[in-house]
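# Structure at a glance
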Amino acid sequence: MARIWYKGFTRLVVFKLTGEVFLNMKPQVNPYAPGAGRPPPELAGRDAILAEARIAVQRNKLGRAARSFMFVGLRGVGKTVLLNEVRIMAEEEGFITELIEVGTKHTHLSFTIIKILRAALLRMDRSKRVSEQVKRGLRVLKSFIGAAKIKYGDIEFSIDVDEEIGVADSGMLAQDLAEVFVAVGEAAKARKTAIVILIDEIQNLPAEEFEALIMAVHRTNQRDLPIMIVGAGLPSLIKMASDAKSYAERLFEYPKINSLDRKEARRALVKPAIASKIKFENEAIEAIIEHTKGYPYFLQEWGHQVWNVATKSPITIADVRKASNLAIKRLDQNFFLSRYERLSGPQKDYLRAMAELGPGPHKAADIAKAMKKTTRQIGSTRDGLIVNGMIYSPRHGMSAFTVPMFDEFMKRARN
């Protein structure tokens, strides 16, 4: 074994008997990428979902029946990564795309959609031969802007065309947005292109805006127009869609994005290391999968930390034990704590009671009993936690964490 000084840092180099260098585990070349929405070095376990998404995108462009879809899952499973993958494949097919994120305090959907559709129409308008459908789309959009200003005074866009009188100008969001979508979809069809609007954290949309969006998609689907909505949100999204419109369950596909099974978790962990000629002992792999429960974000965090602490290949169970303390500390300080600090005192008490009961889901009555309160007394606290995306209701009267392993964090935060 030799230790070499190089430009201010040491690099550990291990030689075989032949003298061949086979290890170079500098932190600078650490392949693992924990981060919000950041693509992992190996996107494991999502091949089938992305294949179905590509078919839907291609069918939509061809004017064939294709449902829009919404990725549904807990925090840290890679929904945002999938949205970006769909955006890339849509652009490869020649689609006009835009990705937006809905915050808990967000700009009105009308404002955001106007910006997107205006940009799409103006992009079509740059063509040498502007079709009548594109001109009409701009007129309808201007009508919508005029009507929306009655309710949303902050919308200001100048479009150098006359309004399309009697279309998208009723002042009723659901009706007007649907008419805008149809007009823009007809323009896209005439220009032989298509539009994909990708919406992250879509469960944060107010009920009125979500219902209007569903109606707009329904109208374009009825006419086989090339506009798609691809959303991503928490598990509560399915019920939210059904509550908004009964036909929403037939209008969208809802791919459930879960943690990875052992085979795909192993692939996500091992393949990036192999690319750098680094190996894992099997016991080390199993330990990491056990710690992370196969959640993609956590796999990246453990992979990142174990790479930095290991000094030789193969990576061992001892390396994993050292790295686990670092990974948990970093998750506590970033992934978990940022959410915890936004909670009120009663909300922390509610989640603490849930944590004491285990990972969940749990009956509201059991949580109330653990808090020595009635379900009525904790009802508003539960509602607040659902609204801010900390818990969801998988079944009536049940509560479950939206953040994997948050129960373990709550126990640590108490100490």
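Look up a bit, the structure's there.
This is a predicted model, so every value here is computed, not measured.

Parameters and conventions
Residues numbered from 1 in each chain as written. Predicted model: local features only at pLDDT ≥ 70, side-chain atom pairs only at ≥ 80, totals over all residues. Heavy atoms only, no water. Phe/Tyr/Trp six-rings, centres within 6.5 Å; stacked < 30°, edge-to-face > 60°. Buried < 20%, exposed > 50% of the residue type's maximum accessible area, 1.4 Å probe, protein only. Helix = DSSP H or I, 4+ residues; strand = E, 2+ residues; numbered from the N terminus. Lys NZ or Arg CZ within 6 Å of the ring centre and 35° of its normal. Polar contact = N/O pair within 3.5 Å; in protein donor to acceptor, adjacent residues only side chain to side chain. Axes fitted to C-alpha atoms, helices over the stretch in contact; angles between N-to-C directions. Parallel < 35°, antiparallel > 145°, perpendicular 65-115°, else oblique. Left-handed = near helix turned anticlockwise from the far one by under 90°. Contact = heavy atoms within 4.5 Å. Nonpolar A, V, L, I, M, F, W, Y, C, P; charged D, E, K, R; others polar. Core = buried A, V, L, I, M, F, W, Y, C linked by side-chain atoms within 4.5 Å. Salt bridge = Lys/Arg side-chain N within 4 Å of Asp/Glu carboxyl O. Pairing = 2+ DSSP bridges. Expected span 1.5 Å × (residues − 1).

This part is about the packing of aromatic side chains. Per the counting criterion, the structure on display carries 14 aromatic pairs. Taking the centre distance of 6.2 Å and the plane angle of 50 degrees together, the rings of Phe252 and Tyr254 count as tilted. Residues Phe252 and Tyr254 agree in their burial class; the two are buried. On the numbers, 4.8 Å between centres and 25 degrees between planes, the contact of Tyr297 with Phe335 is stacked. Placement of Tyr297 in helix α11 (residues 296-309) and of Phe335 in helix α12 (residues 317-340) is noted, with a sequence separation of 38 residues between them. These aromatic residues form a ring-pair network of at least three members: Tyr295, Tyr297, Phe298, Phe335, Phe336, Tyr340, Phe401, Phe406 and Phe409. Above the plane of the ring of Phe335 lies Arg339, whose end atom (NZ or CZ) is 4.7 Å from the centre. The residue whose ring lies beneath Lys348 is Tyr340, and the NZ or CZ to ring-centre distance is 4.5 Å.

Along the chain, the position of Ser313 falls in the loop between α11 and α12. Exposure remark for Ser313: the relative accessible area of 15% places this residue in the buried category. Engagement of the side chain of Ser313 in a polar contact is seen with the backbone nitrogen of Lys279, the distance being 3.0 Å.

Another point: the packing of helix α10 (residues 282-292) against α11. To characterise two packed helices, one gives the angle between the axes of the helices and the distance between these axes. It is the contact of α10 with α11, at a shortest axis distance of 9 Å, that shows an interaxial angle of 135 degrees. Here α10 is positioned oblique relative to α11, judged by the angle of their axes. For the element pair α10 and α11, the recorded crossing hand is right-handed. Touching Ile288, His291 and Thr292 of α10 are Phe298, Leu299, Trp302 and Val306, all from α11. The residue inventory of the contact of α10 with α11, partitioned by class, reads 5 nonpolar, 2 polar and no charged.

Our focus in this paragraph is the nonpolar core. Phe71, Phe280, Phe298, Phe336, Tyr350, Leu351 and Phe406 are the most contacted members of the largest nonpolar core, which has 77 residues in total. At 8 residues, α12 tops the list of elements feeding residues into this core. Beyond its immediate chain neighbours, meaning those up to four positions away, Phe336 contacts Phe298, Leu331, Val403, Pro404, Met405, Phe406, Phe409 and Arg412. Ranked by size, the runner-up nonpolar core spans 52 residues in total, among them Val102, Val134, Ile197 and Ala241.

Okay, the pattern of salt bridges next. Two side chains of opposite charge can pair, provided their charged atoms sit close to one another. The final tally for this structure, using the stated rule, is 20 salt bridges. Arg223 is paired through a salt bridge with Glu186; the nearest N and O atoms lie 3.5 Å apart. A residue pair is termed long-range when its members are at least 10 positions apart, and Arg223 in the loop between α6 (207-222) and β6 (227-233) and Glu186 in helix α5 (residues 173-190) qualify at 37 residues. In this structure, Arg352 and Asp349 form a salt bridge, with 3.2 Å as the shortest nitrogen-oxygen distance. Highlighted residues: Arg352 and Asp349, both in helix α13 (residues 345-357), separated by 3 residues, approximately one helical turn.

The next thing to look at is the sheet that holds strand β10 (residues 398-401). Ordered in space as β8-β10-β9, the 3 strands form an open sheet in which the pairing is antiparallel. Each edge of the open sheet carries a strand with a single partner, namely β8 (362-363) and β9 (391-392). Packed on one face of the sheet, α13 meets β8, β9 and β10 and runs near 90 degrees to β10.

Below, the discussion takes up the environment of Leu234. Along the chain, the position of Leu234 falls in the loop between β6 and α7 (236-244). Exposure remark for Leu234: the relative accessible area of 2% places this residue in the buried category. With near-sequence residues (within four places) excluded, Leu234 lies in contact with Val72, Gly73, Arg75, Gln203, Gly389 and Thr402.

Turning our attention to α11. The terminal C-alpha atoms of α11, which comprises 14 residues, lie 20 Å apart, in line with the 20 Å expected from a rise of 1.5 Å per residue. Burial runs high along α11: 13 of the 14 residues are buried.

Okay, the sheet that holds strand β7 (residues 252-253) next. Taking strand neighbours across the sheet as the criterion, the 5 strands line up as β4-β5-β6-β3-β7 in an open arrangement whose pairing is parallel. Of all strands in the sheet, those bounded by a partner on one side alone are β4 (96-101) and β7. Both strand β3 (residues 68-72) and β7 contribute to a ladder of 2 bridges, which runs parallel. The residue of β7 that forms the bridge with Ser68 is Phe252. Contacts from α6 reach β3, β5 (195-200), β6 and β7, with the element oriented near 145 degrees to β6.

All quantities given are derived from atomic positions and should not be read as evidence of function.
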